[in-house]
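Here's the letter readout for the chains.
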Amino acid sequence: MSFRLAAVQTSAAEARRRTVEQLTDWRAPGAVRDNAQLVMSELVTNALRHTCSEWVGCELRCDGSVVRVAVSSDGPGPQGPPEPAGDEEESGRGLLLVVALSIGWGVRRSESGRGHTVWADLDLGPAVP
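Residues numbered from 1 in each chain as written. Predicted model: local features only at pLDDT ≥ 70, side-chain atom pairs only at ≥ 80, totals over all residues. Heavy atoms only, no water.

What about the packing of helix H2 (residues 30-50) against helix H3 (residues 94-101)?
Angle between the axes and distance between the axes: these two values describe a pair of packed helices. The test is simple: Whenever a helix is involved, its axis is fitted only over the stretch in contact; in every case the axis is a line through C-alpha atoms, and angles between N-to-C directions fall within 0 to 180 degrees. Strands are runs of DSSP state E lasting at least two residues, helices are runs of H or I lasting at least four, and both sets are numbered from the N terminus onward. Crossings are classed by handedness, with left-handed meaning an anticlockwise turn of the near helix from the far one by less than a right angle and right-handed meaning a clockwise turn. Contacts between residues were defined by any pair of non-hydrogen atoms, one from each residue, lying within 4.5 Å. Note on residue categories: nonpolar means Ala, Val, Leu, Ile, Met, Phe, Trp, Tyr, Cys or Pro, charged means Asp, Glu, Lys or Arg, and polar means any other residue, Gly included.
Remark: H2 packs on H3, axes separated minimally by 9 Å, with the N-to-C direction vectors making an angle of 145°. Crossing angle aside, the handedness with which H2 passes H3 is left-handed. On H3, the residues touching Asn35, Leu38, Val39, Glu42, Leu43 and Asn46 of H2 are Gly94, Leu95, Leu97, Val98 and Leu101. When grouped by side-chain class, the residues that make up the contact of H2 with H3 number 7 nonpolar, 3 polar and 1 charged.

Notes on the nonpolar core
Keep this limit in mind: The nonpolar core is taken to be a set of buried Ala, Val, Leu, Ile, Met, Phe, Trp, Tyr and Cys residues, with the residues joined through side-chain atoms within 4.5 Å. When a residue's accessible area, from a 1.4 Å probe over protein chains only, is under 20% of the maximum for its type it is buried; when over 50% it is exposed; and in between it is partly exposed.
Membership of the largest hydrophobic core comes to 26 residues, with the highest contact counts inside it found for Met40, Leu43, Val44, Cys58, Val69 and Val71. Element by element, the count of residues in this core is highest for H2, at 8 residues. Residues contacting cysteine 58, with those up to four places away along its chain left out, are Met1, Ser2, Phe3, Leu5, Ala15, Met40, Val44, Ala70 and Val71.

Here we look at the packing of helix H1 (residues 11-25) against H2
Formally: Note on angle classes: values under 35 degrees are labelled roughly parallel, values over 145 roughly antiparallel, values of 65 to 115 roughly perpendicular, and the remainder oblique.
Two elements in contact, H1 and H2, have axes whose closest approach is 9 Å; the angle formed by their N-to-C orientations is 150°. When the axes of H1 and H2 are compared, the pair comes out roughly antiparallel. In this structure, the crossing between H1 and H2 has a hand that is right-handed. Together, Ser11, Ala12, Ala15, Arg16, Thr19, Val20, Leu23 and Thr24 of H1 and Val32, Arg33, Ala36, Gln37, Met40, Ser41, Val44 and Thr45 of H2 make up the contact between the two elements.

Keep in mind these numbers describe shape, not what the thing actually does.
And the structure:
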């Protein structure tokens, strides 16, 4: 499943809603739905905050044992593993949450050279029919 949202603040909430709806349709366990919803929200929020995109592309895929959450936008994307935020900083923990909740994550540059996709794989547990 993929969808495209305008790069506006309300898009993170819409992405969360669509993520839960799709994972419910796939009969994913509640913990996986919660984690995927959080990962999607963090990736969309980062795309909105750190790029000049007019849109954000979101994708959810399930192969039976892994759910992939991916968000595409303009800009270079993360340049490496996230650095821990300082105790007094109000932001900077989103990608750390993505790393903690996923079994793998990464950044892939778009073929056009303009933009990137940040993806995270979540363990679905036993195969979903």
